[in-house]
Amino acid sequence: GSSCPAYMYFDEPGSRVLIALQRLDTSNYLPADYSLVLVVNPATAAIVTELRLRYTGKDYTNPYTRFRSFESDSFLIGCAGHFKMTGVTADDGGVLVLGGNPLEVQGVLVDEAQLGADIVDFVWVNKTLYAITLAVDGKSSMISFDPDTGGLQTILSKAGKGYLWRIEEREGIVYVCSRD
């Protein structure tokens, strides 16, 4: 782990750069009260929009995943919130839909209550979310989630030292890697 907040970015060449800021509490390195996405003009390096990750009165913290293209001009980003392994029991994370001009939070594709665990990484393939989740007992799983039906399926689970870590998609094939 690192005591420095991490950031994720997405670059649309010549258009805009998206930067997610975790904002950690320096006294305990847990997520602070809210997190941000900055929209930067790559030609001028000026911040165009500062977007608070908030939807229907709820703040989503700890944007932990990479930005993923979604539908037309929108993106997904996963917010882990407080990892339950830290002792926080609230379901405070989810995969947010960002879109519009200026960029705004347009909705929550899925939240941790629906997944039953923290979000570590995900991909969006053929209208299905494939995600790696982390349970409070340290067990990681690869799941699929259909937002249209709410259907959730565990594809692969791994307990202990070699937890699942990253997930990628290339040409419709989903790859997952373990930390073994």
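Cut-offs used in this document
- Along each chain, numbering runs from 1 in the same order as the chain's sequence is written.
- The model is predicted, so local features are restricted to residues of pLDDT at least 70 and side-chain atom pairs to those at 80 or more, both for listing and for counting; the totals for chains, interfaces and linings are taken over all residues.
- Working from all heavy atoms in the structure, the side-chain values ignore hydrogens and water.
- Aromatic pairs are defined between Phe, Tyr and Trp rings, using the six-membered ring for Trp, whenever the two ring centres lie within 6.5 Å; interplanar angles under 30 degrees are classed as stacked, those over 60 as edge-to-face, and all others as tilted.
- Labels follow the DSSP assignment, with helices taken as runs of H or I lasting at least four residues and strands as runs of E lasting at least two, numbered in each case from the N terminus.
- The buried label applies to any residue whose accessible area, calculated with a 1.4 Å probe on protein chains only, is under 20% of its type's maximum; exposed applies above 50%, and partly exposed to all values in between.
- Here, a strand pair is defined by DSSP locating no fewer than two bridges between the strands.
- Axis definition: a line fit to C-alpha positions, over the contact stretch in the case of helices; interaxial angles, taken between N-to-C directions, run 0 to 180 degrees.
- Should any heavy atoms of two residues lie within 4.5 Å, those residues are considered in contact.

Asks: I keep staring at the packing of aromatic side chains and nothing clicks. Help me out?
Replies: The geometry of an aromatic ring pair is captured by two quantities: the separation of the ring centres and the angle between the planes. This structure, assessed with the given rule, holds 2 aromatic pairs. Geometrically, the ring pair formed by Tyr64 and Phe83 is edge-to-face, given 5.1 Å between the ring centres and 80° between the ring planes. Taken together, the positions of Tyr64 in the loop between strand E6 (58-59) and strand E7 (68-69) and Phe83 in the loop between strand E8 (74-79) and strand E9 (94-99) put the pair 19 residues apart, joining distant regions of the chain. Relative accessible area serves as the criterion here: at 29%, Tyr64 is assigned to the partly exposed category. Judged by relative accessible area, Phe83 falls into the buried class, the value being 17%. Note on Phe70 and Trp124: the rings are 4.9 Å apart at their centroids and 65° apart in plane angle, and the pair reads as edge-to-face. Remark: Trp124 occurs in strand E11 (residues 118-125) and Phe70 occurs in the loop between E7 and E8; sequence separation between them is 54 residues.

Asks: Could you clarify how one ought to interpret the sheet that holds strand E13 (residues 140-146) in this entry?
Replies: Working definition: the strands of a sheet are paired by backbone hydrogen bonds and lie parallel or antiparallel to each other. Read from one edge to the other, the open sheet built from 4 strands follows the order E11-E12-E13-E14, with strand pairing classed as antiparallel. This sheet does not close on itself; its edge strands, each paired only once, are E11 and strand E14 (151-158). For this sheet the average axis-to-axis angle between neighbouring strands, irrespective of direction, equals 20°.

Asks: Even after reading the chapter, I still don't get the environment of Gly78, so can you show me in this structure?
Replies: Position of Gly78 among the secondary structure elements: in strand E8. Residue class for Gly78 comes out buried when judged on its relative accessible area of 0%. When the C-alpha atoms of Gly78 and Met142 are compared, they prove to be 15 Å apart, with 64 residues separating the residues in sequence. Apart from the residues within four sequence positions on either side, Gly78 is in contact with Asn62, Pro63, Tyr64, Thr65, Gly94, Val95 and Phe122.

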